[in-house]
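If you want the building blocks of each chain, they are given just below.
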Amino acid sequence: MENQVNNYFTIIRLADFINSWLNDFYVAEILKTARSEVQVIFRQKGVHKAMKFYLGEESFVFFPDKFFIPKKSQPFLQQLENKKFIEAVAHPHDRSFRLHFSDNFTLVILLYGRNANLILYQGKAIDTVYNPKIKTNTDKPISFYKNILPATESEFTESVKTAGLKKAIATHFAGFTKSMLAGFDADNLSVKLPGEQFKILLEWEKSMADAGFYIYENKDAEQGRQVFLSLLKKEAAEVFFTTYIYAALNEFARLYFRIQQFNTQKRNFISHLKSRIDKAENQLKSYYFHLTQLETDKNYKHQADLIMANLYAIPKGAEKIALMDFDGSHQLIIKLKREFTAQEWAEKLYQKAKKQQIERAQTESHIANIEKMLSEATEQLRNIQQVTEPKMLRDFLPQALNKSPEKKQQEAVPYKKFEIEGFIVLVGKSAADNDKLTFGIAKKDDLWLHAKDVAGSHVIIQNPSRKDVAKTTLEKAAQLAAYFSKGKGSDLYPVQYTLKKFVRKPKTAGPGKVIIEKEKTLLVEPKLP
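Residues numbered from 1 in each chain as written. Predicted model: local features only at pLDDT ≥ 70, side-chain atom pairs only at ≥ 80, totals over all residues. Heavy atoms only, no water.

**Student:** Looking at this structure, I do not really get the overall build of the chain. What am I missing?
**Tutor:** The secondary structure content of the chain amounts to 13 helices and 23 strands. By the compact-globule yardstick of 24 Å for 529 residues, the chain is too spread out, its C-alpha radius of gyration being 37 Å. Reported as C-alpha extents along the three principal axes, the dimensions of the chain are approximately 110 × 70 × 40 Å. The burial tally for the chain puts 44% of its 529 residues in the buried class. Of all intrachain contacts in the chain linking residues separated by at least 6 positions in sequence, the fraction that spans at least 24 positions is 58%. With an accessible surface of roughly 29,900 Å², the chain has 50% of that area assigned to carbon and sulfur atoms. Here the chain carries 80 positive and 62 negative side-chain charges, and the mean point of each set is 7 Å from the other. (Helix = DSSP H or I, 4+ residues; strand = E, 2+ residues; numbered from the N terminus. Rg over C-alpha atoms; globule rule 2.2 N^0.38 Å. Buried < 20%, exposed > 50% of the residue type's maximum accessible area, 1.4 Å probe, protein only. Contact = heavy atoms within 4.5 Å. Areas by Shrake-Rupley, 256 points an atom, 1.4 Å probe, with all protein chains shown as cover. Lys, Arg positive; Asp, Glu negative; His and termini not counted. Charge placed at Lys NZ, Arg CZ, Asp CG, Glu CD.)

Right, dumping it as structure tokens:
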């Protein structure tokens, strides 16, 4: 279905409306927003009106009844502030129009879909371009638009003779879409003489000036919901009809943004589920591969059985032995330990085999859980792909974005977790969490770090084996302590460190407040590892 929201016959009605609506108004403020919108506020004796240009995947104009300063908006075209609106002019059979202001300013609005743009002229020269990356018409002087004039009969007749009727219509009456021409029975137009064809096309033009505005929705599950504004009555039932351009554009905008939000949410849900499914499938491959290894070349019980069956053939002190498998199909290379006899090594392998049985059971349990989750996620994906209504989508929201128990557990802990050069480093999330981390989780021989003399996170380098902590590890952990502190904005910041056993908390101290002893100081750059 053709969307005629920025068709020439819509724009000519739009220009007529703007001329009466903004008579004797001045520009108060212009803002551009992060979502491809430009909002123009007009004023007249305490009365304010707003006009918005949407220049995203679609391009159109609308007139919000309620307006405000959007978040992340920026002043734009400040040259037009306090300039008086003079006139709106539609460009014949083009998807563009221009607004004239006092002091010889002209704003050209190009409603060219994804190539939509705003170009401000002062006098003959271009002053500002909304999107300089789009080059369409950015090399045109203002005279280019002023010279876009309705075709004359002689020009049309010459085009028919040289290029044919279809190209002549496309050149001089480009506002007529295929569906419009089909509705006017353009096939019979070809049997007429060029002069008569021209007159008929002018009559069709006049008839479009009284056309109503029909808004239709397409609820296609695969392509996503879409909204269309048409000047033609379709077989499908319209969701809105009016003869007023103001009401038509505002209702189209309302539906467009609502449907755009719906489509975005649906795409995000689908992407989230596909990501979960891909991750689950990769995990399954990994677990199945591991299970295969446990049952074949890493099967310790099988190796032990082979050793016990061939004790007589294994020389003392051997580091490996090649033994024929029980089925006689191939030899199996088994590593041995020189310090153990073959029988002692077989006993070691039997012990490993017991642990391997536990590992196999755990792996099979993981596989069963993942396969269950994969089946549920696949079913959710199928269902969400068929959703066409916002309410139906909201019903899936808790399921689609349901977090795994592992993630919920991570969010519940009082710290952020990092790994630095083989050491686990924990960073407190808040003042209260700092106390939980330092006095509830950290051990006495762990290293404790904190940015000096400012509020910040407690940082713990876990060291259960009491290893020597390398200087590079300590510096990276100190950088974390500086980063998660009020000293984050400094180029370099001092960080104190000591063993956790030298950190104590006075009874009257507030959350996160401690006293430290035997501390040392590092000067580091605040940053993440």
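**Student:** Would you explain the packing of helix α3 (residues 153–163) against helix α4 (residues 165–172) in this entry?
**Tutor:** How two helices pack is summed up by the angle between their axes together with the distance between the axes. Between α3 and α4, the shortest axis-to-axis distance is 7 Å and the interhelical angle comes to 140°. What the angle tells us is that α3 and α4 run oblique. Once α3 is placed against α4, the crossing between them reads as right-handed. Two secondary-structure elements touch here, α3 through Glu155, Phe156, Ser159, Val160 and Ala163 and α4 through Leu165, Lys167, Ala168, Ile169 and His172. Classifying every residue of the contact of α3 with α4 by side-chain character gives six nonpolar, two polar and two charged. (Axes fitted to C-alpha atoms, helices over the stretch in contact; angles between N-to-C directions. Parallel < 35°, antiparallel > 145°, perpendicular 65-115°, else oblique. Left-handed = near helix turned anticlockwise from the far one by under 90°. Nonpolar A, V, L, I, M, F, W, Y, C, P; charged D, E, K, R; others polar.)

**Student:** Help me understand a positive patch on the surface in this model?
**Tutor:** A surface patch of like charges, here positive, comprises Lys320, Lys335, Lys337, Lys352 and Lys355. Tracing the backbone shows Lys337 in the loop between β15 (331–335) and α9 (342–385). (Patch = residues over 30% accessible without salt bridge, like charges linked within 9 Å, V, L, I, M, F, W, Y side chains within 5 Å. Salt bridge = Lys/Arg side-chain N within 4 Å of Asp/Glu carboxyl O.)

**Student:** Please clarify how the sheet that holds strand β16 (residues 415–420) should be interpreted in this entry.
**Tutor:** Hydrogen bonds between backbone atoms are what pair the strands of a sheet, whose relative direction is either parallel or antiparallel. If you walk across this open sheet you meet the six strands as β16-β17-β19-β18-β20-β23, and the pairing is antiparallel. At either margin of the open sheet sits one strand with a lone partner, and together these are β16 and β23 (520–524). Direction aside, neighbouring strands of the sheet carry axes that sit 25° apart on average. The strands that helix α12 (residues 431–441) touches are β16, β17 (423–428), β18 (447–451) and β19 (459–461); relative to β17, the one it contacts most, it runs at about 140°. Lying on the sheet, helix α13 (residues 471–483) is in contact with β16, β17, β18, β19, β20 (493–499) and β23; it crosses β18 at an angle near 40°. (Pairing = 2+ DSSP bridges.)

**Student:** Would you take a moment to explain the sheet that holds strand β4 (residues 59–62) for this structure?
**Tutor:** Read across the open sheet, the five strands follow the order β4-β3-β2-β1-β5; overall the sheet is antiparallel. Looking at the sheet topology across the chains shown, the edges are occupied by β4 and β5 (74–75). Note that strand β1 (residues 26–32) and strand β2 (residues 37–44) share six bridges and pair antiparallel. Note that in β2 the partner of Leu31 across the bridge is Gln39.

**Student:** Looking at this model, I keep getting lost on the side chain of Asn6. Mind explaining?
**Tutor:** You can see Asn6 is positioned in the segment before α1 (8–21). With relative accessibility at 4%, the residue Asn6 sits in the buried group. At 3.3 Å, the side chain of Asn6 forms a polar contact with the side chain of Glu58. Beyond its immediate chain neighbours, meaning those up to four positions away, Asn6 contacts Ile11, Glu58, Ser59, Arg95, Leu111 and Gly113. (Polar contact = N/O pair within 3.5 Å; in protein donor to acceptor, adjacent residues only side chain to side chain.)

**Student:** Can you help me understand the pattern of salt bridges in this one?
**Tutor:** Should the charged atoms of two oppositely charged side chains come close, the side chains can pair. The final tally for this structure, using the stated rule, is 16 salt bridges. The salt bridge involving Asp103 is made with Lys83; its shortest N-O contact spans 3.8 Å. Of this pair, Asp103 sits in the loop between β7 (96–101) and β8 (105–110) while Lys83 sits in the loop between β5 and β6 (85–90), and the two are 20 residues apart along the sequence. In this structure Asp103 comes out as exposed when scored by relative accessible area, which is 52%. Judged by its relative accessible area of 15%, Lys83 falls in the buried class. Where Asp445 meets Lys501, a salt bridge forms, and the shortest distance between an N and an O atom there is 3.8 Å.

**Student:** What's the story with unusual backbone geometry in this structure? I'm lost.
**Tutor:** It is generally the case that most residues other than glycine have a negative phi and that most peptide bonds are trans. In this structure, Lys45 takes a positive phi of about 50° despite not being glycine. Its location among the elements puts Lys45 in the loop between β2 and β3 (47–55). Within the chain, Lys518 stands out as a residue other than glycine whose phi angle is a positive 55°. Within the element layout of this structure, Lys518 appears in the loop between β22 (515–516) and β23.

**Student:** What's the story with the packing of aromatic side chains in this structure? I'm lost.
**Tutor:** Given two aromatic rings, their pairing is described by the distance between the two centres and the angle made by the two planes. A complete count under the given rule lists 32 aromatic pairs for this structure. A ring pair is formed by Phe76 and Tyr130, whose centres lie 5.8 Å apart and whose planes are at 75°; its orientation type is edge-to-face. Residue Phe76 is found in the loop between β5 and β6, and its partner Tyr130 is found in the loop between β10 (125–129) and α2 (142–146); the two are separated by 54 residues along the sequence. Here a set of aromatic residues connected by ring pairs shows up, and it is made of Tyr8, Phe9, Phe156, Phe173, Phe176, Phe198 and Trp204. Positioned above the aromatic ring of Phe144 is the side chain of Lys140, whose terminal nitrogen or guanidinium carbon lies 5.0 Å from the ring centre. (Phe/Tyr/Trp six-rings, centres within 6.5 Å; stacked < 30°, edge-to-face > 60°. Lys NZ or Arg CZ within 6 Å of the ring centre and 35° of its normal.)

**Student:** I tried to follow the environment of Leu306 on my own but got confused; where do I start?
**Tutor:** Position of Leu306 among the secondary structure elements: in helix α8 (residues 300–309). Sequence separation of Leu306 and Ala346 is 40 residues, and the distance between their C-alpha atoms is 8.8 Å. With near-sequence residues (within four places) excluded, Leu306 lies in contact with Leu323, Met324, Asp325, Phe326, Leu332 and Ile334.

**Student:** What exactly am I supposed to notice about the confidence of the model for the chain here?
**Tutor:** Mean pLDDT over the chain works out to 88, with 95% of the residues at or above the 70 mark. Highest mean pLDDT in the chain belongs to β19 (97); lowest belongs to helix α11 (residues 405–412) (52). Of the regions scoring below 50 in pLDDT, residues 400–406 engages in twelve contacts with residues more than four places distant in sequence or in other chains. (pLDDT = per-residue confidence, 0-100.)

**Student:** I would appreciate a short explanation of the side chain of Asn310 in the present structure.
**Tutor:** Within the secondary structure, Asn310 is located in the loop between α8 and β14 (320–324). A distance of 2.7 Å separates a polar side-chain atom of Asn310 from the backbone oxygen of Leu306.

**Student:** What is the right way to look at α12 in this model?
**Tutor:** Each turn of an α-helix holds 3.6 residues, which means side chains three or four residues apart point in the same direction. Turning to α12, its buried residues number three or more, namely Asp433, Asn434, Asp435, Leu437 and Thr438. On its buried side, α12 packs onto β16, β17, β18, β19 and β21 (503–504).

**Student:** Explain the packing of α8 against α9 here, please?
**Tutor:** Contact pair α8 / α9: the axes reach a minimum separation of 8 Å and the direction vectors enclose 160°. One way to sum up the angle between α8 and α9 is to call them roughly antiparallel. Crossing of α8 over α9 shows left-handed handedness. Together, Tyr300, Lys301, Gln303, Ala304, Asp305, Ile307 and Met308 of α8 and Ala342, Gln343, Trp345, Ala346, Leu349, Tyr350, Lys352, Ala353 and Gln356 of α9 make up the contact between the two elements. Each residue belonging to the contact of α8 with α9 can be placed in one class, and the counts come to ten nonpolar, three polar and three charged.

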